[in-house]
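Secondary and tertiary structure notes
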Amino acid sequence: MLETESPELEAEFTATVTADGRIEPRDWMPDAYRATLIRQIAQHAHSEIIGMQPEGNWISRAPSLRRKAILLAKVQDEAGHGLYLYAAAATLGADRTDLTEKLISGRQKYSSIFNYPTLTFADVGVIGWLVDGAAICNQVPLCRTSYGPYARAMIRVCKEESFHQRQGYELLMTMMRGSDNQRRMVQESVDRWWWPSLMMFGPPDDSSPNTERSMAWRIKRHTNDELRQKFVDMSVPQAEALGVTFPDPELRWNEERGQHDFGTPDFAELMRVVKGNGPCNAERIEHRRRAHEDGDWVREAAAAYAAKRAARAKGVA
Ligand SMILES: [Fe+2]
Ligand SMILES: [Fe+2]
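Residues numbered from 1 in each chain as written. Chains lettered and ligands numbered in written order. Predicted model: local features only at pLDDT ≥ 70, side-chain atom pairs only at ≥ 80, totals over all residues. Heavy atoms only, no water.

With that settled, the discussion passes to the coordination of the iron ion (ligand 2). At this site the iron ion (ligand 2) is bound by E78 (OE), D132 (OD), E161 (OE) and H164 (ND1), with donor distances of 2.0 to 2.2 Å. The coordination sphere of the iron ion (ligand 2) comprises four donor atoms, whose angles at the metal cover 82 to 160 degrees; the geometry is irregular. Donor residues binding the iron ion (ligand 2) come from one chain and are separated in sequence as E-x53-D-x28-E-x2-H. The iron ion (ligand 1) is placed at 3.4 Å from the iron ion (ligand 2), the two being bridged by E78. With D132 in helix α6 (residues 122-139) and E161 in helix α7 (residues 148-176), the pair connects residues that are 29 residues apart, well separated along the chain. In terms of burial, D132 and E161 fall into one category: buried. (Donors = N, O, S within 2.8 Å, 3.2 Å for Na, K, Ca; no water. Tetrahedral: all angles 85-135°; square planar, octahedral: opposite > 155°, others 65-115°. Helix = DSSP H or I, 4+ residues; strand = E, 2+ residues; numbered from the N terminus. Buried < 20%, exposed > 50% of the residue type's maximum accessible area, 1.4 Å probe, protein only.)

With that settled, consider the environment of I23. In this fold, I23 is placed in the loop between α1 (7-18) and α2 (31-50). When residues no more than four places from it in sequence are discounted, the contact partners of I23 are F13, T16, V17, W28, M29, Y33, S146, Y147, G148 and P149. (Contact = heavy atoms within 4.5 Å.)

This brings us to the coordination of the iron ion (ligand 1). Every protein donor of the iron ion (ligand 1) is listed here as E48 (OE), E78 (OE), H81 (ND1) and E161 (OE), and their distances to the metal cover 1.9 to 2.2 Å. Seen from the iron ion (ligand 1), its four donor atoms lie at angles of 88 to 146 degrees, and the figure they make is irregular. Between consecutive donors of the iron ion (ligand 1), the numbers of intervening residues give the motif E-x29-E-x2-H-x79-E.

We now examine the pattern of salt bridges. In total, this model carries 20 salt bridges according to the counting rule given. Between E170 and R66 there is a salt bridge; the shortest N-O distance is 3.8 Å. One end of the pair, E170, is in helix α7; the other, R66, is in helix α4 (residues 65-90), and 104 residues separate them in sequence. Take E170: its relative accessible area is 32%, and that puts it in the partly exposed class. The partner of D123 in a salt bridge is R192, and the shortest N-O contact between them spans 2.8 Å. On the criterion of sequence distance, the pair formed by D123 in helix α6 and R192 in helix α8 (residues 180-199) is long-range, its members being 69 residues apart. (Salt bridge = Lys/Arg side-chain N within 4 Å of Asp/Glu carboxyl O.)

In this section: the packing of aromatic side chains. In this structure the tally under the stated criterion is 10 aromatic pairs. Geometrically, the ring pair formed by W58 and F121 is edge-to-face, given 6.0 Å between the ring centres and 75 degrees between the ring planes. Pair noted here: W58 is in the loop between α3 (52-56) and α4 and F121 is in the loop between α5 (96-104) and α6, with a separation of 63 residues, a long-range link. You'll find W58 and F121 in the same group, each marked buried. An aromatic cluster is defined as three or more aromatic residues linked by ring pairs; in this entry it consists of W129, Y169, W194, F201, F231 and F246. Its end group placed over the ring of W58, R61 keeps NZ or CZ at 4.1 Å from the ring centre. Lying across the ring of F163, R166 places its NZ or CZ 6.0 Å from the centre. (Phe/Tyr/Trp six-rings, centres within 6.5 Å; stacked < 30°, edge-to-face > 60°. Lys NZ or Arg CZ within 6 Å of the ring centre and 35° of its normal.)

A separate point is the side chain of N254. Residue placement: N254 occurs in strand β1 (residues 252-254). Relative accessible area serves as the criterion here: at 18%, N254 is assigned to the buried category. Filtering out sequence-adjacent residues up to four positions away, N254 remains in contact with Q259, H260 and D261.

What follows deals with α1. Between its first and last C-alpha atoms α1 spans 16 Å; for 12 residues at 1.5 Å apiece the expected length is 16 Å, and the two agree. Once α1 ends, the next one or two residues include D20, with phi positive near 60 degrees. (Expected span 1.5 Å × (residues − 1).)

With that settled, the discussion passes to helix α12 (residues 281-294). When the terminal C-alpha atoms of α12 are compared, their 20 Å separation across 14 residues agrees well with the 20 Å that a helix rising 1.5 Å per residue should span. By the burial criterion, the buried members of α12 are N281, R284, I285, R288 and H292. On an axial view of α12, the arc spanned by its buried residues comes to 90 degrees, and they lie on one face. For α12, exposure combined with an orientation more than 90 degrees from the buried face picks out A282 and D294. Those residues of α12 hidden inside the fold are in contact with α2, α3, α5, α11 (267-277) and α13 (296-313). (Arc of directions from axis to C-beta.)

In short, shape yes, function no, at least from these values alone.
Right under this line is the structure:
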């Protein structure tokens, strides 16, 4: 249905989102709203799924049974997040097989943060603290996003993300109470992840062309720069309590603004990684493609079983 053909329906849609109401799958919505949401939700789902890889790298080498159990549970949560989100995208008419195809052929993106390597076990803690922490800043406002199924999926996702963040922080606290080597390992990891974490909020507002429309549609509730600022303000006292520093000489409290000043992330690097030229892009996609192919027989068996059950229910078999 073309937007211009339905002025009354469009007026109703606009009134609903402006009044902070929810748009549900059966409601009329502009084609561009649907397309924007499918793209955003798919990108989010892909990020959860690809995000399992950097930490998954350490499951077999976790330093204790307890750390292994925690990491397994965390990585499994991310798989669950991916599944809720693919299901939310399906309510908009997206086909999951098609979304997976688009991911492994590079036509749809995922968060650029997962294209960085995990070099030490401290990275598991720093990812929980900073990467899941940045994800929380981005996702808490999405619990009030205008599309109902997405908003409801986010409520559960955010509860689990806050556990992820705390487990990361607890791991780092434990390492900081350990040896000098362990403390150095934590600081080295923070130094590598700080800037990529700030890039998770996307390009600066003046070069983020879709922000305005997404905010008018109440898909997005805050701009990239607002969320980045919030994340910096939240992280500084946590770093102090932990005993680490961030690698930013411009980072300082601004009394007048009541917020921290901080340096500008290297957005040219962000664009390079987004375009596929980060340290691990090719490896991540290749791994996902292989996992998808290895899962072929499972999908086939599930489809055959479903067909058999349906036939039995009809009394055919
Ligand atoms: Fe997640
Ligand atoms: Fe997480």
